[in-house]
Amino acid sequence: MTIKSIILPVLAFSALAPAAHAADIEFWHGNTGETEAAILAHCEAFNASQDAHTITCIGQGGYEAGMQKAIAAYRSNEHPALIQFFDAGTLDLMLSDAVLPVSDLLPDVDWSDYNTGARGYYETSTGAMFSQPYNGSTLVFYANMDMLGEVGVTEVPQTWERVIEVARLLQADGHACPFVTDGHPWRVLEQFSARHGTAIATNNNGYGGLDAEYNFNTGPVADHLANLAAWREEGLVRLNADTAAGNYVAAFNAGECAMMEASSGSFGGIRAALGDAAALGMAPMYEGVERRNTFIGGASIWVMKGHEDADYEAATAFLNFVRETEQQIEMTRMTGNLPVTMTALNELVASGRATEPEFATAEMGVASLNQPGNENSRGIRLGFYVQFRDVFIEETQRAFNGEQPMQTALDNAVARGNELLRRFEQTYQGVALP
Amino acid sequence: MQKGFYSGRWTYAALVAPILVLIFLFFYVPVGLAFFWSLFLERPFGGGSQFVGLDNFARVLSDAEFWDALKRTAIFMIVAPSLAIGISLMLALAADRGLRGSSAARNIIIWPKAVAGASIGVVFVFVFNPFLGIFAPLNEIWPGFWNPRIDGTDAFITIVVAQVWNGIPFNFIILLSGLQTIPDTVTKAAVMDGASPWRRVWDIQIPLLTPQLFLTFVLEFVGTVVEAFGLIDTMTEGGPGGATTLLIYKIYVDGFKAYDLSGAATQTVILMLFVLIMVALQFRLEKHVKYER
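As the structure is a computational prediction, the values presented were derived from the model and not from experiment.

About the criteria used
- Residues numbered from 1 in each chain as written.
- Chains lettered and ligands numbered in written order.
- Predicted model: local features only at pLDDT ≥ 70, side-chain atom pairs only at ≥ 80, totals over all residues.
- Heavy atoms only, no water.
- Helix = DSSP H or I, 4+ residues; strand = E, 2+ residues; numbered from the N terminus.
- Rg over C-alpha atoms; globule rule 2.2 N^0.38 Å.
- Buried < 20%, exposed > 50% of the residue type's maximum accessible area, 1.4 Å probe, protein only.
- Disulfide = S-S within 2.5 Å.
- Expected span 1.5 Å × (residues − 1).
- Contact = heavy atoms within 4.5 Å.
- Core = buried A, V, L, I, M, F, W, Y, C linked by side-chain atoms within 4.5 Å.
- Domains from an automatic or database assignment.
- Pairing = 2+ DSSP bridges.
- Axes fitted to C-alpha atoms, helices over the stretch in contact; angles between N-to-C directions.
- Buried area = accessible area lost by both parts, 1.4 Å probe.
- Salt bridge = Lys/Arg side-chain N within 4 Å of Asp/Glu carboxyl O.
- Polar contact = N/O pair within 3.5 Å; in protein donor to acceptor, adjacent residues only side chain to side chain.
- Nonpolar A, V, L, I, M, F, W, Y, C, P; charged D, E, K, R; others polar.

Turning next to the overall build of chain A. Regarding its fold elements, chain A presents 19 helices and eleven strands. Taken against the 2.2 N^0.38 rule, which gives 22 Å for 434 residues, the C-alpha radius of gyration of chain A at 23 Å falls within 12% of a compact globule. Counting only C-alpha atoms, chain A reaches 80 × 50 × 45 Å along its principal axes. Looking at the 434 residues of chain A, the share that counts as buried comes to 60%.

Turning our attention to the state of the cysteines. Residue and element names in this part refer to chain A. One pass over the full model with this rule turns up two disulfides over all chains. Here Cys-43 is linked by a disulfide to Cys-57, with a sulfur-sulfur distance of 1.8 Å. Judged by the sign of its S-S torsion, about -95°, the cystine formed by Cys-43 and Cys-57 is left-handed. Of this pair, Cys-43 sits in helix α2 (residues 33-49) while Cys-57 sits in strand β2 (residues 53-59), and the two are 14 residues apart along the sequence. The pair formed by Cys-43 and Cys-57 is uniform in burial state, with each residue classed as buried. Disulfide partner of Cys-177: Cys-257, at an S-S distance of 2.0 Å. Residues Cys-177 and Cys-257 are joined through a disulfide that is right-handed, its torsion about the S-S bond being 95°. Residue Cys-177 is found in the loop between α8 (160-172) and β7 (179-181), and its partner Cys-257 is found in the loop between α12 (248-253) and β9 (259-263); the two are separated by 80 residues along the sequence. On the basis of relative accessibility, which here comes to 3%, the residue Cys-177 falls in the buried class.

Moving on: helix α10 (residues 210-226) of chain B. Spacing of three or four residues puts side chains on the same side of an α-helix, whose turn is 3.6 residues. Residue and element names in this part refer to chain B. Across its 17 residues, α10 extends 24 Å between first and last C-alpha, which sits within 8% of the 24 Å expected from 1.5 Å per residue. Those residues of α10 that sit buried are Pro-211, Gln-212, Leu-213, Phe-214, Thr-216, Val-218, Glu-220, Phe-221, Gly-223, Thr-224 and Val-225. Elements in contact with the buried residues of α10: α3 (64-96), α7 (152-180), α9 (197-208), α11 (228-235), α12 (247-257) and α13 (261-285).

Let us look at the nonpolar core. Grouped together as the largest cluster of nonpolar side chains are 124 residues, with contacts concentrated most on A:Phe27, A:Leu82, A:Tyr214, A:Phe216 and A:Met259. The element that contributes the greatest number of residues to this core is helix α19 (residues 406-427) of chain A, accounting for eight residues. Three or more residues apiece are contributed to this core by two domains, here domain 1 (3-136 + 296-369) and domain 2 (139-294 + 377-427) of chain A. Setting aside residues no more than four positions away along its own chain, A:Leu82 makes contact with A:Ile25, A:Glu26, A:Phe27, A:Trp28, A:Ile55, A:Ile301, A:Trp302, A:Val303, A:Ala315, A:Phe318 and A:Leu319. In terms of nonpolar packing, the next biggest core, distinct from the first, is built from 37 residues, B:Ala92, B:Phe156, B:Phe172 and B:Ile206 among them.

Residues and elements named next belong to chain A. With mixed pairing, the five strands of this open sheet are ordered in space as β8-β7-β9-β6-β10. On the outer flanks of this sheet lie β8 (237-239) and β10 (278-282), each paired with one strand and no other. Within this sheet the neighbouring strands show an average axis-to-axis angle of 35°, counted without direction. Judged from the two bridges that link them, β7 and β9 form a sheet pairing that is parallel. Each bridged residue has a counterpart across the sheet, and for Val-180 the counterpart in β9 is Met-260. In this fold α8 packs onto β6 (139-144), β7 and β9, with an angle of close to 135° to the strand it touches most, β9.

The interface of chain B with chain A comprises 28 residues on the first partner and 38 residues on the second. On the chain B side of the interface with chain A, the three residues burying the most area are B:Phe45, B:Ile150 and B:Tyr259, jointly 29% of the side's total. Counting every contact that joins chain B to chain A gives four salt bridges. Across the salt bridge formed by A:Arg416 and B:Glu65, the nearest N and O atoms sit 3.3 Å from each other. For the interface between chain B and chain A, the tally reads 13 residue pairs in polar contact (both at pLDDT 80 or more). When residues of the side of chain B that touches chain A are traced back to their parent elements, those giving at least two are α2 (55-61) and α12 of chain B. With four residues, α12(B) is the largest single contributor of residues to the side of chain B that touches chain A. Residue classes in the side of chain B that touches chain A are distributed as 13 nonpolar, six polar and nine charged.

Another aspect to go through is the pattern of salt bridges. Applying the stated criterion across every chain, the model contains 27 salt bridges over all chains. Here A:Asp276 ties to A:Arg271 by a salt bridge, and the two come within 3.4 Å at their closest N and O atoms. Residues participating in the shared-partner salt-bridge network are A:Glu394, A:Glu395, A:Arg398, A:Arg416 and B:Glu65.

Residue and element names in this part refer to chain A. Taken as a whole, chain A is organised into domain 1 (3-136 + 296-369) and domain 2 (139-294 + 377-427). Summarising the inter-unit geometry, the C-alpha centres of domain 1 and domain 2 are found 29 Å apart. Listed by partner, the interface residues are 30 residues for domain 1 and 28 residues for domain 2. Of the roughly 2,400 Å² buried where domain 1 meets domain 2, counting both sides, 57% is carbon and sulfur surface. When the buried area of domain 1 at its contact with domain 2 is split by residue, Leu-91, Met-364 and Ser-368 rank highest and sum to 23% of it. One salt bridge connects Arg-389 with Asp-87, and the closest N-O pair in it is separated by 3.5 Å. Linking domain 1 to domain 2 there are eight residue pairs in polar contact (both at pLDDT 80 or more). The set of elements that each furnish at least two residues to the side of domain 1 that touches domain 2 consists of α4 (90-94), α6 (116-122) and α17 (360-369).

Time to look at unusual backbone geometry. Residues and elements named next belong to chain A. With a phi angle near 60°, Asn-203 is a residue other than glycine that sits in the positive phi range. Assessed through its relative accessible area of 28%, Asn-203 is described here as partly exposed. Unusually for a residue other than glycine, Phe-384 sits at a positive phi of about 50°. Given the relative accessible area of 2%, Phe-384 is considered buried.

So, about the pairing of strand β11 (residues 297-304) of chain A. All names here are of chain A. Of all eight residues that make up β11, eight are buried, and the element is covered over most of its length. With five bridges connecting them, strand β3 (residues 82-86) and β11 associate as antiparallel partners. Bridge assignment links Gln-84 to a residue of β11, and that residue is Ile-301. Sheet analysis places strand β4 (residues 99-100) next to β11, joined by two bridges and oriented antiparallel. Bridged to Val-99 within β11 is Met-304. Of the pairings in the sheet, the one linking strand β5 (residues 132-137) to β11 comprises five bridges and is antiparallel in character. Bridged to Gly-136 within β11 is Gly-298.

Below, the structure written as structure tokens:
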């Protein structure tokens, strides 16, 4: 075998390759576990379904890490054409001038087919969609019916009053962990305020302009957090740190805790761990408050600027592919994430599969997203919101471990959050909210 | 010019050039950029950065979180090196006296040097786990006695223990080798004069060990400021409630997780000045170090 005989075929192949593929693009995502498996299945299926384009899907290990790497990559012009970002980064991205609204790239798509919660979060004031909702999830309530059955409870609690009633029964029966949460603001602040129809900041959570101010330190959110702190003192509510598993979902899956609020995207893992004992309902309300829609969680796909037309053709093809009903249903089946278009949900229901256990989150989750909304339940349009989440966690942890009262924690979080908003406003001076 | 090993000065230049280029690229350029960014308000994705003068410094210096982080850093800088050097000194004195088992100990004590900071963090998370770790039995007696996941003081202690454990091997080697260079004759003379072992430690060994003690102090001080990062990131991520957010970790969080490049750059500049001042103070201390024997 001569060197020539090796080199020539390689050269021939590399010469042919560009002709066979219109574009090779990258798609960065931030998921792990079941959702990552579903994303990789989409990528493989897309590459197998056509031979004009090739997509390479690269996991970044987390939403925050993905965003950090995207910032570094964009500044050095090494960024991918498509990238998955999470809900909290929405305004930072909208004003970044690094992304192309998907409705500009794909003007023919019927964006009104996306469910209310998803549209409200990623839509501009003029109706343009900035990103394509992908692995959409929302907050739901999970109960271990085996454990609830031991104290004679057969229905999943719908209200906080009932949750605590059941928690007291469980505690009296010797359960150390009736209800578990991590106190993350997505669960205890954002989703709570949305479905109770109250805002966390003025200007309808920032939709009205960059001069919004946080105001959740009075009203329903403040009451709820004070309750959580009191219930934890009573031993009815447990935090990550109080569980042997160290994490609320793991503690629920291990049968250590009986109830929790968590993402619908956790359902795949929960079902694998608990089987039919796992029951779910919409996230609980306080009695006497009208239920509004919850926010969409999970992440959406953003198109980044600075690529060639051929890359955008490939990106368009991939975005169209994952929007197909069949692909959405496959994602739902594998992970518990929700179908994001109404067409996909309707077809799932029409096919009769929606009642199968692995699709349990679909109808309930979308119903939660499609509850009548108000001006405060569209979404969050607040700058440096990722950092604000850390501030909120830090301050409330200090309340949970007894360093300060919960009210002080919320006041501090509001004050520090407002500083972030003012700096964001200054950073994007002269940029209009789209 | 003194006649050296190489003939021309260009040979010298060529030989030092690679390292100078590296230092320039990976130290002076980033430091320069940090100074530059600290005067601007920088957008995360670039474009539209605006000059704000010393606004960033005013913002950082009026931020209570910054001062808390600096205070924690200062406490950590005093507690961790004192323990790391104190314990190493005791071990080194014991090994130097040739107590039974000291030759084996000499080997074993330096093994932890081979473990990376992040790995130490992972191991200590298990060691100090409130449900499975060494303090779990105490938790059964007094529930809630030990939980570094929610109690800030407990978390701070775990970071200090891990840092000290990490620092002991190197300090031990340096101090032991220092002790072994102390001439036998001095010790023998002291014994003849009837000096007890403790007296010899205070009046002979420690004074003659000052160069090594000084070296370990300088390295430990700088190490606590910059090397604690791996431990914090793997063990506590700055929590709970920010109780283990030292300045170096705050800079990382602000810059990378919060996209506040200007704030992170500003704090980097302040941290650099802080370390420079600390080292300058230490070198004033060096006047008391006796290098001659």
